[in-house]
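Chain by chain, the residues run as shown.
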Amino acid sequence: MKKIIITGGAGFIGTHVVRRFVKKYLDCKIINVDKLTYAGNLTNLEDLEHAENYQFIKGDIVDANFVHELFETHQPDGIIHLAAESHVDRSISNPLEFVMTNVVGTVNLLNTAKSSKNPNFRFYHISTDEVYGELGAEGLFTEETKYDPHSPYSASKASSDHFVRAYHDTYGLDIVISNCSNNYGAHQFPEKLIPLAINNIKNNKAVPIYGDGLNVRDWLWVEDHARAIEEIYFKGKTGETYNIGGHNEWTNLDLIHVLCNLMDEKLNRPKDSSKELITFVKDRAGHDARYAIDASKIANELNWKPSLQFKEGLSKTIDWYLENEKWMERVTSGAYKEYYEKMYDAN
Ligand code: NAD
Ligand code: DAU
């Protein structure tokens, strides 16, 4: 049986990648390795608990001994590396944690992977468009755009990308990297803009907009990202980078207006009432003005395209959060942590 390690599989995107692989590749064992920081939520994967081709292992990629043991025990065929500290605002208040997980953790995995006994071992590193810095009103990030990270988060991701390429060039490790734009969808921790806004609107709380709200992000439905990850893991060319994006640019303010309108409809509230919750707050330090991805390489080489129109995706996303009130309650109260203790610590 082939074995693939997925790091960060209890996080937002990891959840969707793990589920996709476990359900589709029954002849392949999927080993989800996650430290379960505040962002790791195993209740996201409750439905896979008893799947025969799935295993969860709690562990910290910063711990080199743990990583070494993990590879010795399981002898994986490849790794899809998503584990990271992922929130820009947290990186501004605690940069070192980002260096530890995103840089040191990645290098620990690379060191172990380069000594893998499997000659075909593949290292797939999941990265972000934020490594390219910011755009003005025109232009798109391509795979050739020079790195120019501005936040401690993007600097740590840029550093890890460089290490991954260095291990390909120096040690001949089979690597692929993808740099994706902003994801949205089910199971996202409500510190990020879309789930935070949905939850606040539902509870009639202020929706904070940083600065003037004119910063632009390129939004992609998380399940489209998971499908791109599957294509790249199996078919991406060694040593290559693939940009992934939604061709879907929105200013934060316009996005929140659309969200408010949809929430008014879904909650049967008077038209324009949710917009009254919009509150402009102090801007994020070093706030990048605009991100936008040229995803033509992955479209041409791997035949991947986003599948959903944004308004449809946003509507589905809102429905998921409204239908899964318990999920949100367990996350905001911290009760989601008890699930791991009940399921795994007891054994
Ligand atoms: P997330 O914060 O929701 O999840 C991260 C996961 O990593 C969590 O389950 C956490 O417990 C785990 N983790 C953190 N530190 C760890 C450690 N030291 N050892 C083991 N596990 C650890 O993040 P996400 O939004 O799902 O992002 C996943 C990856 O995709 C990240 O590498 C991120 O940089 C990248 N990415 C995210 C987006 C986005 O819009 N969310 C876009 C592009 C790229
Ligand atoms: O571009 C990819 C990146 O997208 C990923 O690499 C990161 O892991 C992911 O967190 C995301 O980063 P952003 O900083 O773009 O996402 P966030 O949801 O934090 O913010 C989206 C935009 O909304 C950004 O311009 C900041 C703004 N914002 C955010 C929050 C949380 C607000 O205006 N108000 C808020 O309360």
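Structural data are supplied above this passage.
Just so it is clear, the model here is predicted, and its values are computed rather than measured.

Asks: So what's going on with the site of ligand 1? Residues and values would help.
Replies: Neighbouring ligand 1 are 29 residues; Ile-13, Asp-34, Ser-86, Tyr-153 and Lys-157 lie closest to it. Between ligand 1 and Lys-35 there is a distance of 3.0 Å, counted from a nitrogen atom to a backbone nitrogen or oxygen. A distance of 3.1 Å is found between a nitrogen atom of ligand 1 and a backbone nitrogen or oxygen belonging to Ile-61. Computed on the free molecule, ligand 1 has an accessible area of 830 Å², of which 97% lies beneath the protein chains in the complex. When contributions to the shell around ligand 1 are tallied by element, the ones reaching two or more residues are helix 1 (12-24), strand 5 (122-128), helix 5 (152-171) and strand 7 (182-184). In terms of residues, the shell around ligand 1 owes the most to one element, strand 5, which gives 3 residues. Within the shell around ligand 1, the residues separate by chemical class into 13 nonpolar, 12 polar and 4 charged.

Asks: With reference to specific residues and values, describe helix 7 (residues 222-235).
Replies: The terminal C-alpha atoms of helix 7, which comprises 14 residues, lie 20 Å apart, in line with the 20 Å expected from a rise of 1.5 Å per residue. For helix 7, the tally of buried residues reaches 10 of 14 residues, placing the bulk of the element in the interior. Residues of helix 7 that are buried include every one of Val-222, Asp-224, His-225, Ala-226, Ala-228, Ile-229, Glu-230, Glu-231, Ile-232 and Tyr-233, and no others.

Asks: Quick rundown of the side chain of Ser-127? Include the residues and the values.
Replies: Looking at the secondary structure, you find Ser-127 in strand 5. You can call Ser-127 buried: its relative accessible area is 5%. With near-sequence residues (within four places) excluded, Ser-127 lies in contact with Lys-157, Asp-161, Ile-177, Ser-178, Asn-179 and Cys-180.

Asks: Can you tell me about the sheet that holds strand 2 (residues 28-34), naming the residues and giving the values?
Replies: Pairing is parallel across the open sheet formed by 7 strands, whose spatial order is 3-2-1-4-5-6-10. A single partner strand is all that each edge strand has here, and the edge strands are strand 3 (54-58) and strand 10 (241-244). Recorded for the sheet is a direction-independent mean angle of 20 degrees between the axes of neighbouring strands. Direction of pairing for strand 6 (residues 174-180) relative to strand 10: parallel, over a ladder of 4 bridges. Within the sheet, the bridge partner assigned to Asn-179 lies in strand 10 and is Asn-243. Each of strand 1 (2-7), strand 4 (78-81) and strand 5 is contacted by helix 4 (residues 95-114), which is oriented at about 165 degrees to strand 5, the strand it contacts most.

Asks: An account of the pattern of salt bridges is requested, with residue identities and associated values reported.
Replies: The final tally for this structure, using the stated rule, is 19 salt bridges. Here Asp-89 ties to Arg-284 by a salt bridge, and the two come within 2.6 Å at their closest N and O atoms. Here Arg-284 lies in the loop between strand 12 (278-281) and helix 9 (296-302) and Asp-89 lies in helix 3 (residues 88-93), a separation of 195 residues in the sequence. Here Asp-89 falls in the partly exposed class, since its relative accessible area comes to 21%.

Asks: Mind laying out the sheet that holds strand 11 (residues 249-251), listing which residues take part and the relevant values?
Replies: Spatially, 3 strands are ordered 7-9-11 in an open sheet, and the strand pairing comes out mixed. Across the chains shown, the open sheet's two edge strands, defined by having one partner strand only, are strand 7 and strand 11. Within this sheet the neighbouring strands show an average axis-to-axis angle of 50 degrees, counted without direction. The pairing of strand 7 with strand 9 (residues 216-221) spans 3 bridges and is parallel. Counterpart to Asn-183 in the pairing with strand 9 is Leu-220. Set on the sheet, helix 8 (residues 252-266) makes contact with strand 9 and strand 11; between it and strand 11 the angle comes to about 90 degrees.

The rules we used
- All chains use their own residue numbering, which begins from 1 and follows the written sequence.
- For naming, the first written chain is A and the first written ligand is 1, with later ones following in the order written.
- Two thresholds apply to this predicted model, a pLDDT of at least 70 for residue-level local features and 80 or more for giving and counting side-chain atom pairs, whereas whole-chain, interface and lining totals are computed over all residues.
- Note: side-chain values were computed over all heavy atoms of the structure, leaving out hydrogens and water.
- Residue proximity to a molecule or strand is established when one non-hydrogen atom of the residue lies within 4 Å of it.
- Any pair of N or O atoms that falls within 3.5 Å is considered a polar contact. Within protein, one atom must be able to donate a hydrogen and the other to accept it, and sequence-neighbouring residues count only if both atoms are side-chain atoms.
- For the accessible areas, the method is Shrake-Rupley and the probe is 1.4 Å, while residue cover comes only from the protein chains on display.
- Starting at the N terminus, helices and strands are each numbered in turn, a helix being any DSSP run of H or I of at least four residues and a strand any DSSP run of E of at least two.
- Residues are sorted three ways: Asp, Glu, Lys and Arg are charged, Ala, Val, Leu, Ile, Met, Phe, Trp, Tyr, Cys and Pro are nonpolar, and all the rest, Gly among them, are polar.
- In a helix, the anticipated span is given by 1.5 Å times the number of residues less one.
- Buried means the residue's accessible area, taken with a 1.4 Å probe over protein chains only, is under 20% of the maximum for its type, while exposed means over 50%, and partly exposed covers the values in between.
- For this analysis, residues touch if any pair of their heavy atoms sits within 4.5 Å.
- In this analysis, strands are considered paired if DSSP registers two or more bridges between them.
- An axis is simply a line fitted to the C-alpha atoms; with a helix, the fit covers only the stretch in contact. Between two such axes, the angle follows the N-to-C directions and lies from 0 to 180 degrees.
- Every case where a carboxyl oxygen of Asp or Glu lies within 4 Å of a side-chain nitrogen of Lys or Arg is listed as a salt bridge.

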